[in-house]
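Topology and contacts: notes
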Amino acid sequence: MILRFSGYWSEFNSGLMPRRPGLFCVYRARFDDLDKSTTMLELLHVGASSNVNQCVTGSRDLARWRSRLGPGESLSFSYSPVAEDDLAACEAAMLLRHRPSMSPELPERFFFGGLALRLDGRTPLLDREFTVGHAVVKGYSGRGSTWLRRGIDFLRTTVNG
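All of these numbers come straight from a predicted model, not from anything done at the bench.

Okay, the pattern of salt bridges next. Under the counting rule described, the total for this entry stands at 10 salt bridges. Measuring nitrogen to oxygen at the nearest pair gives 2.7 Å for the salt bridge that ties R28 to E73. Of this pair, R28 sits in strand 2 (residues 22–32) while E73 is found in strand 4 (residues 73–81), placing the two residues 45 residues apart along the sequence. By the burial criterion, R28 is buried, and E73 matches it. Here the residues in one salt-bridge network are R28, R30, E42, R68 and E73, joined through shared partners.

What follows is the structure, encoded as structure tokens:
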């Protein structure tokens with residue numbers, strides 16, 4: 001699955017974020033007035049919502065995220081559209097892989113089988129390709145692998161004598 005992140009939105013223009021389902025990343029950032037660029041310093045949080053705009057602008061965590069800011073720093077947000085059916089799995093995969101410092105509950109395991117993600121667009125501090133759980137690997141159907149069958153046959157003959 002490909003996640004295409006766009007952004008960035010500051011805390012002050014976060015009301016312009018899409019009112020659609022998706023993932024969002026919250027960063028500790030520094031804006032450079034001279035060259036009008038933003039540098040992401042730390043990934044604070046990864047979240048998912050059926051309405052990202054409402055989730056971010058109405059978040060009770062804004063004050064907690066702000067508490068991590070140093071002088072001259074600000075919050076910055078990015079967004080990737082994700083179908084509502086895929087939100088929980090994508091959020092869990094991102095949390096497991098990136099372990100953001102201020103996400104309240106980090107999963108210990110991936111309960112969605114497997115998922116291979118490729119991140120595109122605005123993805124600073126994020127791994128661009130990764131797999132969590134037991135995702136299907138290219139060239140392996142999961143059903144008739146010769147090496148797996150041989151290993152199981154070997155174990156059966158060894159155990160059954």
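Taken in spatial order, the six strands make up an open sheet running 3-2-4-1-5-6, and their pairing is mixed. Looking at the sheet topology across the chains shown, the edges are occupied by strand 3 (37–49) and strand 6 (129–133). This sheet shows a mean twist of 30 degrees between the axes of neighbouring strands, independent of strand direction. For strand 2 and strand 4, the ladder comprises nine bridges, and the chain directions are antiparallel.

Here we take up the side chain of E11. Relative to the elements of secondary structure, E11 occurs in the loop between strand 1 (2–10) and strand 2. The exposure class of E11 is buried, given its relative accessible area of 18%. Excluding residues that lie within four positions of it along the chain, E11 makes contacts with L62, R66, L75 and F77.

Another aspect to go through is the nonpolar core. Counting residues in each nonpolar core, the largest one holds 25 residues, and the members touching the most others are L3, C25, M94, F110, L115, L117 and L119. Listing elements by their share of this core, those giving two or more residues are strand 1, strand 2, strand 3, helix 3 (87–98), strand 5 (114–121) and strand 6. Take this core: its biggest share by element is eight residues, from helix 3. With near-sequence residues (within four places) excluded, F110 lies in contact with A89, A92, A93, L96, L115, V132 and G133. The next biggest cluster of nonpolar side chains, apart from the first, holds 13 residues, and it includes W9, M17, L62 and W65.

Cut-offs applied
Residues numbered from 1 in each chain as written. Predicted model: local features only at pLDDT ≥ 70, side-chain atom pairs only at ≥ 80, totals over all residues. Heavy atoms only, no water. Salt bridge = Lys/Arg side-chain N within 4 Å of Asp/Glu carboxyl O. Helix = DSSP H or I, 4+ residues; strand = E, 2+ residues; numbered from the N terminus. Buried < 20%, exposed > 50% of the residue type's maximum accessible area, 1.4 Å probe, protein only. Pairing = 2+ DSSP bridges. Axes fitted to C-alpha atoms, helices over the stretch in contact; angles between N-to-C directions. Contact = heavy atoms within 4.5 Å. Core = buried A, V, L, I, M, F, W, Y, C linked by side-chain atoms within 4.5 Å.

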